[in-house]
Amino acid sequence: MSTLPTLPTCGEPATVRIELYTADSLDACAYTCPAHITYATAVIARAGLDAHPFGLAPDVDRPCGYVHVYATGTFAEPADQGHPRWCDRDDCLRRGQHRSRARHVNTNRPEAFIVDVALVQALHPAAEPMVNLTSVEGSAAASLVLSIGQALVLRYRLAHLLGITKAGPNGGRWV
């Protein structure tokens, strides 16, 4: 595991956000002023991390040297280690399960049902993650929980069905 490098902290307003990655995991974001971009990027690279600088949105106010560590990354505090990397860490004990942030299935068009998908996992150490599909219509909700294997097969079945329909509008009709 890499360690988080010590970055310059001059306190001037930051203009750049540098995303810090280990492997394919976004682990932290460092904020820096124009004078420290090159130095901070070099320090991050020497620590064995991938550094990806981006311009900072005008409504974001951070001082140079501020670092935000993601609770799901490799630099997380030991208290967060009891959670899967994808867990939202929002009251897991009360819910009795770890849960990812719900992903909305949004087509940008009116639909009969609102559909969300999330990962869930019971708190038992031997429990495996599952995929939870939830649909809501008015005040009624229904959930379907699938194993990861079932969700993977469903993914391929859906891709096949969509492929054979050649899904897409054709003059107001589907082909």
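A brief look at the structure comes next. No experiment lies behind these values; they were computed from the predicted model shown.

Turning our eyes to something else, we now look at the packing of aromatic side chains. A full pass over the atoms with the stated rule returns 1 aromatic pair. An angle of 45° between the planes, with centres 5.7 Å apart, marks the rings of Y31 and Y66 as tilted. Of the two residues, Y31 sits in strand β2 (residues 25-32) while Y66 sits in the loop between β3 (50-55) and β4 (67-69), which places them 35 residues apart along the sequence. According to the relative accessible area criterion, Y66 is partly exposed, its value standing at 34%.

With that settled, the discussion passes to the nonpolar core. Residues L7, V16, I18, L20, A28, A30, A40, V43, I44, L49 and F75 constitute the largest nonpolar core, which totals 11 residues. Residue assignment for this core shows that the elements contributing at least two residues are β1 (16-22), β2 and α1 (37-46). Excluding anything up to four places from it in sequence, V43 contacts P5, T6 and L7.

Okay, the layout of surface pockets next. Here the largest pocket defines a volume of roughly 380 Å³. H104, V105, N106, T107 and V115 are the residues nearest the centre of the largest pocket, which is lined by 14 residues in total. When residues of the lining of the largest pocket are traced back to their parent elements, those giving at least two are β6 (103-105), β7 (114-122) and β8 (130-137). Among the elements that take part in the lining of the largest pocket, β7 stands out by supplying 3 residues, more than any other. Within the lining of the largest pocket, the residues separate by chemical class into 8 nonpolar, 4 polar and 2 charged.

With that settled, the discussion passes to the pairing of β1. The side chains of a regular strand alternate between the sheet's two faces. With 5 of 7 residues buried, β1 lies mostly within the body of the structure. Bridging between β1 and β2 involves 7 bridges; their strand directions are antiparallel. Its bridge partner being in β2, I18 is matched across the sheet by A30. Here β1 runs beside β3; their pairing, made up of 6 bridges, is antiparallel. Across the sheet, Y21 pairs through a bridge with D50, a residue of β3.

Quick look at the state of the cysteines now. Applying the stated rule across the entire model yields 0 disulfides. Looking at the unpaired C10, the closest cysteine sulfur is the one in C64, lying at 3.7 Å. Residue class for C10 comes out partly exposed when judged on its relative accessible area of 37%. C87 takes part in no disulfide bond, and the closest cysteine sulfur, belonging to C92, lies 3.4 Å away. Note on C87: relative accessible area 3%, which makes it buried.

The rules we used
Residues numbered from 1 in each chain as written. Predicted model: local features only at pLDDT ≥ 70, side-chain atom pairs only at ≥ 80, totals over all residues. Heavy atoms only, no water. Phe/Tyr/Trp six-rings, centres within 6.5 Å; stacked < 30°, edge-to-face > 60°. Helix = DSSP H or I, 4+ residues; strand = E, 2+ residues; numbered from the N terminus. Buried < 20%, exposed > 50% of the residue type's maximum accessible area, 1.4 Å probe, protein only. Core = buried A, V, L, I, M, F, W, Y, C linked by side-chain atoms within 4.5 Å. Contact = heavy atoms within 4.5 Å. 1 Å grid on protein atoms, 1.4 Å probe; cavity = no way out; pocket = protein on both sides within 12 Å on 5 of 7 lines; lining within 4 Å. Points joined across faces, edges and corners; volume = space filled by probe spheres on them. Nonpolar A, V, L, I, M, F, W, Y, C, P; charged D, E, K, R; others polar. Pairing = 2+ DSSP bridges. Disulfide = S-S within 2.5 Å.

So, to be careful, I would describe these as geometric facts and stop short of saying anything about function.
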